[in-house]
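# Reading the structure
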Amino acid sequence: QVQLVESGGGLVQAGGSLRLSCVASGRTFKYYAMGWFRQAPGKEREFVAAISRSGDVLSYADSVKGRFTISRDNAKNTVYLQMNSLKPEDTAVYYCAASGTLGWTSRSHYDYSYWGQGTQVTVSS
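Please read these numbers as outputs of a predicted model, since none were measured by experiment.

It is worth spelling out the state of the cysteines at this point. Scanning the model with the defined rule gives one disulfide in all. The side chain of Cys-22 participates in a disulfide bridge whose partner is Cys-96; the two sulfur atoms lie 2.1 Å from each other. The sign of the -75 degrees torsion about the S-S bond sets the Cys-22-Cys-96 disulfide as left-handed. Residue Cys-22 is found in strand β3 (residues 18-24), and its partner Cys-96 is found in strand β9 (residues 92-99); the two are separated by 74 residues along the sequence.

Now for the nonpolar core. Ranked by internal contacts, the top residues of the largest apolar core, which has 37 residues, are Met-34, Trp-36, Val-79, Leu-81, Met-83 and Tyr-94. Contributing elements (two or more residues each) for this core: β3, β4 (33-39), β5 (46-51), β7 (68-73), β8 (78-83), β9 and β11 (119-124). In contact with Met-83, other than residues within four places in its own chain, are Gly-16, Ser-17, Leu-18, Leu-20, Arg-67, Phe-68, Tyr-94 and Val-121.

Attention now goes to the side chain of Ser-99. Considering the arrangement of structural elements, one finds Ser-99 in strand β9. At 3.1 Å, the side chain of Ser-99 and the backbone oxygen of Asp-111 are in polar contact. Apart from the residues within four sequence positions on either side, Ser-99 is in contact with Tyr-31, Tyr-32, Ala-33, Asp-111 and Tyr-112.

The rules behind the values
- Sequence order as written defines the numbering, with residues in each chain counted from 1.
- Totals for whole chains, interfaces and linings use every residue, but because this is a predicted model, local features are given only for residues with pLDDT of at least 70 and side-chain atom pairs only at 80 or more, for both listing and counting.
- The basis for the side-chain values is all heavy atoms of the structure; hydrogens and waters are excluded.
- To count as a disulfide, a pair of cysteine sulfur atoms needs to be within 2.5 Å.
- Only DSSP runs of H or I covering at least 4 residues are called helices, and only runs of E covering at least 2 are called strands; the numbering of each starts at the N terminus.
- Take the buried Ala, Val, Leu, Ile, Met, Phe, Trp, Tyr and Cys residues and link them wherever side-chain atoms come within 4.5 Å; each set so joined is a nonpolar core.
- Exposure is judged per residue with a 1.4 Å probe applied to protein chains only, and the accessible area is read against the type maximum: over 50% gives exposed, under 20% gives buried, and values in between give partly exposed.
- Contact between two residues is taken to exist if any of their heavy atoms lie within 4.5 Å; hydrogens are not considered.
- Nitrogen and oxygen atoms within 3.5 Å of one another constitute a polar contact, given that in protein one can donate a hydrogen and the other can accept it, and given that sequence-neighbouring residues count only through two side-chain atoms.

These results come straight from atomic positions and should not be treated as a statement about function.
Structure (structure tokens):
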């Protein structure tokens, strides 16, 4: 089992940047595919980005492609989401998720067994 703790959210103006971090407990982090999802008020949780165990396979939602970058540091048990050129529509609670069964990446939240508590990102216009 793995526990996930996100940080790095906050309030930023449109066009600004934030970097989210997600630290995982345990010594088996390198065996988990990782994903970032977000949920805005009144909306369903949606896929943002995912990264494979080794970090060589990346996947992005079309809405963030070219603006967000997912990465991981297996030595630090940490996955990152660098968010640039933020827009008001990026406002949401961002969740980190882990899967011990995925061979590569997945855009479906059903494929992830472990979730963090979320971190709020608010982008003002």
